[in-house]
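# Summary of structural features
Given next are the chains, with one letter for each unit.
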Amino acid sequence: MRITVNVNGVDHEREVSNRTLLVHFLRDDLGLTGTHWGCDTSNCGVCTVWLDEVPVKSCTVLAVMADGHRVRTVEGLANGAELDPVQQGFVACHGLQCGFCTPGMMMTGRALLNENPDPSEAEIREAISGQLCRCTGYENIVRSIRWAAQFEAAARATTNETAEVAQ
Amino acid sequence: MTSVIEPPAAAPATPMGFGRMVRKEDARFTRGAGNYVDDVQLPGMLHGAVLRSPYAHARIVSLDSKAAEAHPKVRAVITGAVLETLGLAWMPTLSYDTQAVLATDKVRFQGQEVAFVVAEDRYSARDALELIDVEYEVLPAVFDAKRALAPDAPLIRDDKEGKADNHIFDWESGDKAKTDEVFAAAEVVVAEDILYPRVHPAPLETCGAVADMNPVTGKLTLWCNTQAPHAHRTVYALVAGLPEQKIRVISPDIGGGFGNKVPVYPGYVCAIVGSIVTGKPVKWMEDRSENLMSTGFARDYHMHAEVAATRAGKIQAVRVKVIADHGAFNSTAQPTKFPAGFFHVFSGSYDLEAAHCAVTGVYTNKAPGGVAYACSFRVTEAAYVIERMIDVLAYELKVDPAELRMANLLRPEQFPYNSPTGWEYDSGDYPKALRLAMDMVGYDGVRAEQAQQRERFAAGDRTGTLTGMGVSFFTEAVGAGPRKHMDILGLGMADGAELRVHPTGKAVLRISVQSQGQGHETTFAQIVAEELGISPDDIEVVHGDTDQTPFGLGTYGSRSTPVSGAATAVVARKVRDRAKIVAAAMLEVSVDDLEWEKGRWFVAGDPDSGRTIQEIALAAHGALELPEGVEGHLDATTVYNPPNLTFPFGAYICVVDVDPGTGVVKVRRFVAVDDCGVRINPTIVEGQIHGGLADGIGMALMELIAFDEDGNCLGGSFMDYLLPTSMECPSWELGETVTPSPHHPIGAKGVGESATVGSPAAVVNAVMDALGPFGVRHADMPLTPSNVWRAVQGNPVRTDVAIS
């Protein structure tokens with residue numbers, strides 16, 4: 001079947017088999033290997049991407065289900081050379097070791113902050129609870145997302161301040 | 001309005017040597033630009049898939065692959081019969097046993113490799129597996145290690161000539177006669193059957209390989225997520241008869257290893273054969289079920305432990321008998337002379353008169369493996385059994401388990417300490433670490449809270465949870481090892497390093513070990529920086545490519561820093577010494593007149609007269625006349641043969657709340673004090689400890705590879721094999737003491753596995769402590785709600801065979 005999927009802002013039209021999983025479509029057909037494949041059962045979450053604005057496990061989504069939809073992957077997280085604050089947080093707080101769960105964790109972290117700009121530690125833990133990490137014991141992942149929340153709050157405050165001064 | 005919102009702390013700047021710094025690896029990993037084996041795409045690449053046995057033990061009556069071969073997208077079907085014609089149906093294991101690559105006579109565990117399909121895409125390869133028709137004659141099987149040596153147990157390894165039982169080895173350590181003597185005279189003896197059940201390291205990236213045999217040059221390039229690329233290359237040379245220089249193993253970014261990626265798996269060999277047969281590159285990636293069911297598991301140690309002590313609480317001796325379940329093939333990866341790994345460090349952190357262990361290895365109809373999951377070659381089992389037994393003794397003596405430990409710990413003045421099983425512990429201040437952990441957790445406060453709770457409970461109040469506090473004090477033995485004693489397949493466990501300073505003063509370091517997330521590209525650059533004063537940002541670390549790096553045995557058993565970290569320091573010092581000669585020539589002074597400060601040689605008494613390492617590097621490549629016998633350029637090589645292992649240690653305290661009505665355990669706090677000697681990058685050390693603590697929660701409470709009565713693996717997916725999530729893990733509370741290793745060039749000890757080794761006992765001890773009011777002395781891992789509940793009912797289960 002022929003599908004058109006908007007991935008990271010770019011439309012991709014491809015012929016895919018009905019059974020092709022979204023994770024394999026992204027990795028094998030589009031060459032976006034930042035999204036990983038880990039368990040086939042939606043348990044580990046290394047394949048987490050956004051379908052429209054919602055994080056999904058792309059190992060249990062068919063590529064055809066993404067036809068006409070927007071997909072965002074880790075490759076679409078940075079704004080050019082400028083890393084997303086969530087990416088910056090993972091670097092600053094040592095939120096990763098082997099890096100295999102990292103793209104999925106960051107996509108979930110970004111989605112959480114879009115919905116809740118000031119999440120508590122418990123809220124962050126709940127948000128990433130459907131994803132596994134075997135290296136970090138989660139501590140620094142939680143800190144990384146919290147770092148990004150703080151960073152963005154500070155940036156917003158500076159923007160507001162500048163706006164008030166301008167007025 | 002003035003903002004009160006402060007931005008978060010910025011990432012630390014790069015230090016000139018040791019200290020916190022951002023990892024160099026993170027630039028690619030946070031952009032999704034890592035290069036894992038499944039990311040490798042080659043022109044014309046084909047995909048392989050493995051047909052596996054549905055039975056634990058069965059004779060192969062017939063195998064028909066015609067229909068699979070006729071599949072339009074299939075390029076080759078490789079069977080055991082095909083491999084037999086090439087002499088490749090069996091391969092040697094890292095423990096001098098043999099293992100079937102593809103089964104020819106019979107299958108010996110569920111999930112064993114039977115056939116390999118090579119097709120144009122990964123889905124078609126899987127489709128074709130369904131078209132292979134195998135007729136099996138199911139045989140009786142044995143899954144319970146304790147029954148493996150029964151006279152009527154089915155014979156698993158009838159492929160081995162003259163083999164009449166399922167026995168693999170007997171091994172012992174310590175002085176049996178002396179130990180028995182102490183026990184015979186002891187005032188108190190406690191005994192317990194303790195199981196360390198089979199678990200799986202379950203790295204999030206499964207095992208896989210891309211094999212590319214170039215038919216013109218005859219060179220095989222194998223991308224494979226192996227933790228030991230050099231050892232693998234040698235094995236392939238020995239197995240397949242390929243010349244070693246014609247094999248290049250590239251171990252790219254690895255998505256976690258934990259020992260799971262040390263062995264050579266049949267899938268790798270099949271991918272190589274597939275590439276030879278088709279003339280195309282062949283990728284094989286196992287799926288999660290294949291990973292959990294067939295690759296290197298961990299533990300499966302069935303222990304009977306005894307402790308002898310005085311009534312006053314002086315621990316005198318320990319003895320342990322073990323049945324070690326190695327599965328259907330003995331493929332454990334460990335030093336040759338140590339079939340039970342370093343289990344004989346089980347005397348732990350205590351001053352004992354005697355200790356003895358006897359380990360019997362057996363075959364069962366289960367997947368092969370045993371040494372994996374951050375175990376430091378079975379130190380995990382050793383630390384667990386001794387730390388569980390100390391609590392069993394405390395229970396019997398009715399004394400506080402922390403006080404009992406404090407009274408028996410080795411004292412600082414006893415180091416270097418010769419243990420009753422032959423180890424020489426290098427350094428330690430054990431009481432200091434335990435005291436720090438107790439202070440951090442507020443030991444007396446938690447005990448007071450618990451006492452009040454127990455009073456309410458005794459008065460009949462059943463509304464609340466029960467708090468438990470568990471202590472674990474571990475001593476590890478890591479950094480294998482001295483080549484005189486330690487080898488794998490005859491390859492001594494010494495590792496090479498090569499350092500070259502370029503004309504502009506930047507450097508490249510080539511090391512034999514391979515990172516699976518440990519951050520070698522950062523920490524090894526920091527070691528060079530510390531020694532030479534070249535910024536870590538200016539040092540490229542090359543690893544994971546046998547064509548580009550010196551020989552060495554790889555990364556496992558926490559050996560990278562103890563062995564290759566030492567090699568790196570030594571090679572940097574060699575470069576520094578060479579730089580001194582060049583500097584002397586530049587300054588026209590004697591080398592004896594020069595002194596070193598980080599980054600430059602200068603004339604003693606005249607600090608302004610000096611040359612930086614960068615100036616020296618340029619001169620060493622330039623026209624400067626060098627003294628007789630001194631070659632130009634600025635580089636060095638070394639091979640580091642460690643004089644001893646390093647012995648990191650730590651004190652862990654876990655606080656849990658247990659609901660006796662449901663058996664649910666909630667980990668409230670976890671305090672971990674680690675001493676791994678000098679810390680190169682404290683952030684990375686802490687991260688490694690965090691990960692190991694999560695392992696401890698997982699193994700103690702959740703993880704289990706069990707088997708039913710038909711030999712079905714009950715942990716074959718992440719829906720069945722439960723790993724800890726962010727919800728089960730508390731926020732870790734870390735502390736540290738620093739006792740440098742006296743024999744390591746920079747005083748460092750291994751740390752990658754410390755927390756995995758030390759933490760399970762703390763969690764189990766905490767749960768048992770919570771269950772004190774029910775008179776529960778011991779129950780086996782994993783302490784799932786149902787297993788806790790059964791223990792509370794006085795009916796604990798054999799968790800590994802799912803029988804009550």
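Residues numbered from 1 in each chain as written. Chains lettered and ligands numbered in written order. Predicted model: local features only at pLDDT ≥ 70, side-chain atom pairs only at ≥ 80, totals over all residues.

## A short note on the overall build of chain A
When helices and strands are tallied, chain A shows five helices and five strands. Reading chain A from its N terminus to its C terminus gives the helix and strand order β-β-α-β-β-β-α-α-α-α. Dimensions along the principal axes, computed over C-alpha positions, put chain A at roughly 55 × 40 × 25 Å. Out of the 167 residues in chain A, the part that is buried amounts to 57%. In chain A, of all internal contacts separated by at least 6 residues, the share reaching a separation of at least 24 is 61%. (Helix = DSSP H or I, 4+ residues; strand = E, 2+ residues; numbered from the N terminus. Buried ≥ 20, exposed ≤ 12 C-beta atoms within 10 Å, placed from the backbone. Contact = placed C-beta atoms within 7 Å.)

## Topic: the environment of Pro-643 of chain B
Residue and element names in this part refer to chain B. Locating Pro-643 in the fold gives a position in the loop between strand 31 (634-640) and strand 32 (649-658). For Pro-643, a count of 14 C-beta atoms within 10 Å gives the class partly exposed. Placed 70 residues apart in sequence, Pro-643 and Arg-573 show a C-alpha to C-alpha distance of 18 Å. Beyond its immediate stretch of four places on either side in the chain, Pro-643 contacts Pro-482 and His-743.

## Quick word on the nonpolar core
Looking at soluble globular proteins, one finds that nonpolar side chains tend to be buried together. With 307 residues, the main nonpolar core has Val-117, Val-528 and Val-767 of chain B as its most contacted residues. Counting residues per element, this core draws most heavily on helix 14 (residues 560-587) of chain B, at twelve residues. For this core, the two domains that each supply at least three residues are domain 1 (2-76) and domain 2 (85-166) of chain A. (Core = buried A, V, L, I, M, F, W, Y, C linked by C-beta atoms within 7 Å. Domains from an automatic or database assignment.)

## Comments concerning the domain arrangement of chain A
Residue and element names in this part refer to chain A. Splitting chain A by domain gives domain 1 (2-76) and domain 2 (85-166). Computed over C-alpha atoms only, the centres of domain 1 and domain 2 are separated by 23 Å. Each partner contributes residues to the interface: domain 1 has 14 residues there, and domain 2 has eleven residues. Here the side of domain 1 that touches domain 2 gets three residues from one element, more than from any other, and that element is strand 3 (residues 48-51). Residues that form the side of domain 1 that touches domain 2 fall into these classes: seven nonpolar, six polar and one charged. (Nonpolar A, V, L, I, M, F, W, Y, C, P; charged D, E, K, R; others polar.)

## Some thoughts on helix 12 (residues 443-458) of chain B
All names here are of chain B. Its 16 residues place the ends of helix 12 22 Å apart at the C-alpha level, agreeing with the 22 Å of an ideal helix rising 1.5 Å per residue. Little of helix 12 sits inside the fold, with one of its 16 residues counted as buried. Within two residues after helix 12, Gly-460 carries a phi angle of roughly 100°, on the positive side. (Expected span 1.5 Å × (residues − 1).)

## So, the packing of helix 13 (residues 520-532) of chain B against helix 14 of chain B
Residues and elements named next belong to chain B. The N-to-C vectors of helix 13 and helix 14 enclose an angle of 35°; their axes lie 9 Å apart at closest approach. Note that helix 13 runs across helix 14; the crossing there is right-handed. Residue-level contacts link His-520, Phe-524, Ile-527, Val-528, Glu-531 and Leu-532 of helix 13 to Ser-560, Gly-565, Thr-568, Ala-569, Ala-572, Arg-573, Val-575 and Arg-576 of helix 14. Here the contact of helix 13 with helix 14 is built from residues that sort into seven nonpolar, four polar and three charged. (Axes fitted to C-alpha atoms, helices over the stretch in contact; angles between N-to-C directions. Left-handed = near helix turned anticlockwise from the far one by under 90°.)

## Here we look at the interface of chain B and chain A
Listed as interface residues are 50 residues of chain B and, on the opposing side, 51 residues of chain A. Looking at the side of chain B that touches chain A, the elements with two or more residues in it are helix 1 (26-29) and helix 16 (682-701) of chain B. Considering each element in turn, the side of chain B that touches chain A owes the most residues, six residues, to helix 16 of chain B. A breakdown of the residues in the side of chain B that touches chain A according to their chemical character gives 22 nonpolar, 17 polar and eleven charged.

## A short note on unusual backbone geometry
All names here are of chain B. For the bond from Phe-415 to Pro-416, the omega torsion is -5°, close enough to zero to count as cis. Tracing the backbone through its elements, the reader meets Pro-416 in the loop between helix 10 (401-408) and strand 20 (417-418). Note the cis peptide between Met-781 and Pro-782, where omega equals -5°. Residue position: Pro-782 is located in the loop between helix 17 (754-770) and helix 18 (785-792). The residue Tyr-373 is not glycine, and still its phi comes out positive at about 65°. Structurally, Tyr-373 is set in the loop between strand 19 (369-370) and helix 9 (379-397).

## Examining the sheet that holds strand 3 (residues 74-79) of chain B
Residue and element names in this part refer to chain B. The sheet built from seven strands is open, its strands ordered 3-7-1-14-11-12-13 with mixed pairing. Strands with a single pairing partner mark the edges of an open sheet, and in this sheet they are strand 3 and strand 13 (247-250). The mean angle between the axes of side-by-side strands here comes to 20°, regardless of whether they run parallel or antiparallel. The pairing of strand 1 (residues 46-52) with strand 14 (residues 282-285) spans three bridges and is parallel. Each bridged residue has a counterpart across the sheet, and for Leu-46 the counterpart in strand 14 is Val-282. With respect to the sheet, helix 6 (residues 229-240) is in contact with strand 12 (220-224) and strand 13, its orientation differing from that of strand 13 by roughly 150°. Packed on one face of the sheet, helix 7 (residues 266-278) meets strand 1, strand 3, strand 7 (113-119), strand 11 (208-213), strand 12 and strand 14 and runs near 25° to strand 11. (Pairing = 2+ DSSP bridges.)

## Here we look at the environment of Glu-164 of chain A
Residue and element names in this part refer to chain A. Note on placement: Glu-164 falls in helix 5 (residues 139-166). On the neighbour-count criterion, Glu-164 (10 C-beta atoms within 10 Å) is exposed. Once the C-alpha coordinates of Glu-164 and Leu-22 are considered, the two residues, 142 residues apart in sequence, prove to be 46 Å apart.

## Overview of the environment of Asp-429 of chain B
Residue and element names in this part refer to chain B. On the secondary structure map, Asp-429 appears in the loop between strand 21 (424-425) and helix 11 (430-441). You can call Asp-429 partly exposed: it has 19 C-beta atoms within 10 Å. Sequence spacing of Asp-429 and Thr-739 is 310 residues, and the spatial spacing of their C-alpha atoms is 7.1 Å. Excluding residues within four positions of it along the chain, Asp-429 makes contact with Pro-412, Thr-737 and Thr-739.

## Regarding the confidence of the model for chain B
With 99% of its residues at a pLDDT of 70 or more, chain B shows a mean pLDDT of 96. Model confidence for the complex is summarised by a pTM of 0.97, with the ipTM given as 0.97. (pLDDT = per-residue confidence, 0-100.)

## Description of the sheet that holds strand 31 of chain B
Residues and elements named next belong to chain B. Overall, mixed pairing links the four strands, which are arranged 27-26-25-31 in an open sheet. A single partner strand is all that each edge strand has here, and the edge strands are strand 27 (539-542) and strand 31. Direction aside, neighbouring strands of the sheet carry axes that sit 15° apart on average. Pairing analysis gives five bridges linking strand 25 (residues 495-501) to strand 26 (residues 507-511), with the strands arranged antiparallel. Counted as the bridge partner of Glu-498 is Arg-510 from strand 26. Packed on one face of the sheet, helix 13 meets strand 25, strand 26 and strand 27 and runs near 125° to strand 27. Together, strand 25, strand 26 and strand 31 form the strand contacts of helix 14, whose direction differs from that of strand 31 by roughly 145°.

## Section: the pairing of strand 13 of chain B
Residues and elements named next belong to chain B. By the bridge criterion, four bridges tie strand 12 to strand 13 in an arrangement that is parallel. Its bridge partner being in strand 13, Leu-222 is matched across the sheet by Val-249. Regarding topology, helix 6 serves as the crossover connection from strand 12 to the parallel strand 13, and that connection is right-handed. (Right-handed = clockwise from strand over helix to strand, strands pointing away.)

## A closer look at the packing of helix 2 (residues 85-92) of chain A against helix 5 of chain A
Residue and element names in this part refer to chain A. Two numbers describe how helix 2 lies on helix 5: the axes approach to 8 Å, and their chain directions differ by 130°. If you check the angle between helix 2 and helix 5, you find them oblique. Relative to helix 5, helix 2 is oriented so that their crossing is right-handed. In this structure, helix 2 uses Pro-85, Val-86, Gln-88, Gly-89, Phe-90 and Ala-92 to contact helix 5, whose residues at the interface are Ser-144, Ile-145, Trp-147, Ala-148, Phe-151 and Glu-152. (Parallel < 35°, antiparallel > 145°, perpendicular 65-115°, else oblique.)

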